[in-house]
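Descriptive structure summary
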Amino acid sequence: MSRLDILNLEWTNSNRDLHIVTPILVYLEKKYNLSFETKSIFNGYYFLIKYRPKILMISNFGGAYINHEIVKLAYSMNIKVISCISEGNVKKEALEQFLWGWNSDKILYVDKMLLWSKRSENLFLSQYPQLKEKLVTTGATGFDRYKLLEFKKKDDFLKENTLSYKKIIGIAAWGFDHFFGDYYKRHEKAFLDIYSKEQIELHREDLYKIQKIYLELIENNPDILFILRYHPGTIDFEKNEFYGLEKYKNVFISSKYENQHYEISDLINISDLWIGYETTTALESWLLDKQTFLINPTRSNFIRENVHKGSPIVKTTYEAQNLIDEFFKNGTISEFEKLQSFRDKIVKDVIEYGDGKNYIRASKEVMKVFSQPNKKIKLSFKVYKEMSKQILKLILSKTIMRKRWSELDYRSNFAKPYQEMYRKAIDV
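Residues numbered from 1 in each chain as written. Predicted model: local features only at pLDDT ≥ 70, side-chain atom pairs only at ≥ 80, totals over all residues. Heavy atoms only, no water.

Most of strand β8 (residues 224–229) sits inside the fold, with 6 of its 6 residues counted as buried. Residues Ile224, Phe226 and Leu228 line one face of β8 and the alternating positions Leu225, Ile227 and Arg229 line the opposite face, and both faces are buried. Across 6 bridges, the pairing between strand β7 (residues 167–172) and β8 is parallel. Following the sheet pairing, Ala172 is matched in β8 by Arg229. Strand direction decides the pairing type here: β8 and strand β9 (residues 251–254), joined by 4 bridges, are parallel. Residue pairing in the sheet places Arg229 in a bridge with Ser254 of β9. (Buried < 20%, exposed > 50% of the residue type's maximum accessible area, 1.4 Å probe, protein only. Helix = DSSP H or I, 4+ residues; strand = E, 2+ residues; numbered from the N terminus. Pairing = 2+ DSSP bridges.)

Here it is, written out as structure tokens:
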């Protein structure tokens, strides 16, 4: 059996990551006739054996411990490895986390890492110049969808949910809950490496302030539908800015636990206006020609990504209401328009190119790696030991749980809708 060209391993519940890798894979299939399979990373050891791929591709090698372990193993087997990056708007203060993630070895087990922007690449190289041959800027492929795909229309959304609102505001949540409780205790050192104690306390206090502001906006505007989009990393719904707001008639809740068929891109497209406390989805809104503003009740000059500079920032319910009234009266917010030059710079700093062709640039880099001579798969004692351990765990889990071996292809079709979507959208 001939070896598979590209094996792509991903988390089965990450729409974001599928949007990062799928346009690249589909383009390689159409343009260069490469074969690929996207499978669950949780059975990654099995699929490495089954397919013996020439390339392992992943959306983010450091995104989770299992990602790191799979990539490290594949690299040690002489399988070529290409990694994109899921969170690619690199902050200087958190450079180590952005580059290494769960990789405590601080050895880059990839042949090529595809980065969002030249700014990010330069930040990494300022600390690790020895990685120059492994890092390359292609632009953020996950944002190409805003030029390639069509999204849910406002009228269709309202019909599907039997709603009759003429005005819709989308609100993106932030990860306030991570600054509280057990999660914070487990990761306190990592937090303090990035944030001061004063900033941590600021976010804790701002949670309760912004809860009050959102409540007042919802109560004061019964004619506006508010779509509340939970952060995908939410772990404690009581320590969230939307806590208690689901009871209002003019609220539509969207999270990974319900209404999953609405992706963030659909919700932005449905909305007339998009707001939040701190959110990179503001940039996605600009790519869909939506206006944005942020609400920071205490102050806005805290450590954060640079996307905030492209939106007006207010502190109070009164100020937020003024912007809402201005938008629905005039169809625009004057303060938002004044920040256009900032947004142009931010788009370049964050994703490098907003033309929807980053997947083509990325594909060219993949082909450079693919065209290099294939090495024979190497199974050292260390690799045999790791494989044996994982296979033993697999056998025990199947025996104990009495599951069929066919279930190794757990949710085997999870990427198919995305593949078909992009096959229709991409021409070569």
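Once that is clear, we can look at the pattern of salt bridges. One pass over the structure, following the stated rule, counts 21 salt bridges. A salt bridge links Lys154 to Asp272; the shortest N-O distance between them is 3.0 Å. Here the residue Lys154 occupies a position in helix α7 (residues 154–160), and Asp272 occupies one in the loop between α11 (264–270) and β10 (273–276), the gap between them amounting to 118 residues. Via salt bridges that share partners, Arg16, Asp17 and Glu87 belong to a single interconnected network. (Salt bridge = Lys/Arg side-chain N within 4 Å of Asp/Glu carboxyl O.)

Moving on: the packing of helix α1 (residues 15–32) against helix α16 (residues 358–370). α16 packs onto α1 with a crossing angle of 65 degrees between their chain directions and a minimal axis gap of 9 Å. If you check the angle between α1 and α16, you find them roughly perpendicular. Handedness of the crossing formed by α1 with α16: right-handed. Contacts between α1 and α16 involve Pro23, Ile24, Tyr27, Leu28 and Tyr32 from the former and Tyr359, Ile360, Ala362, Ser363, Val366 and Met367 from the latter. The residue inventory of the contact of α1 with α16, partitioned by class, reads 10 nonpolar, 1 polar and no charged. (Axes fitted to C-alpha atoms, helices over the stretch in contact; angles between N-to-C directions. Parallel < 35°, antiparallel > 145°, perpendicular 65-115°, else oblique. Left-handed = near helix turned anticlockwise from the far one by under 90°. Contact = heavy atoms within 4.5 Å. Nonpolar A, V, L, I, M, F, W, Y, C, P; charged D, E, K, R; others polar.)

Spatially, the 6 strands line up as an open sheet ordered β9-β8-β7-β10-β11-β12, and their pairing is parallel. The sheet is open, and its two edges are formed by β9 and β12 (313–314), each paired on a single side. Of the pairings in the sheet, the one linking β10 to strand β11 (residues 291–295) comprises 4 bridges and is parallel in character. From the neighbouring strand, Leu273 faces β11, where its bridge partner is Gln291. Lying on the sheet, helix α10 (residues 197–220) is in contact with β7, β8, β9, β10 and β11; it crosses β11 at an angle near 130 degrees. Relative to β11, helix α13 (residues 317–330) is tilted by about 170 degrees, and along the sheet it contacts β7, β8, β10, β11 and β12.

Positive phi is not limited to glycine here, since Arg52 has a value of about 40 degrees. Considering the arrangement of structural elements, one finds Arg52 in the loop between α2 (44–51) and β3 (55–58). Positive phi is not limited to glycine here, since Thr162 has a value of about 50 degrees. Relative to the elements of secondary structure, Thr162 occurs in the loop between α7 and β7. Under the relative-accessibility criterion, Thr162 is labelled exposed at 74%.

What follows concerns the sheet that holds strand β1 (residues 6–10). Judged by pairing direction, the sheet is parallel, and its 6 strands sit side by side in the order β2-β1-β3-β4-β5-β6 without closing on themselves. The sheet terminates laterally at β2 (36–40) and β6 (135–137), the two strands that pair on one side only. Neighbour to neighbour, the strand axes of the sheet diverge by 25 degrees on average, direction disregarded. Alignment of β1 against β2, held across 5 bridges, turns out to be parallel. Looking across to β2, one finds that Glu10 is bridged to Ser40.

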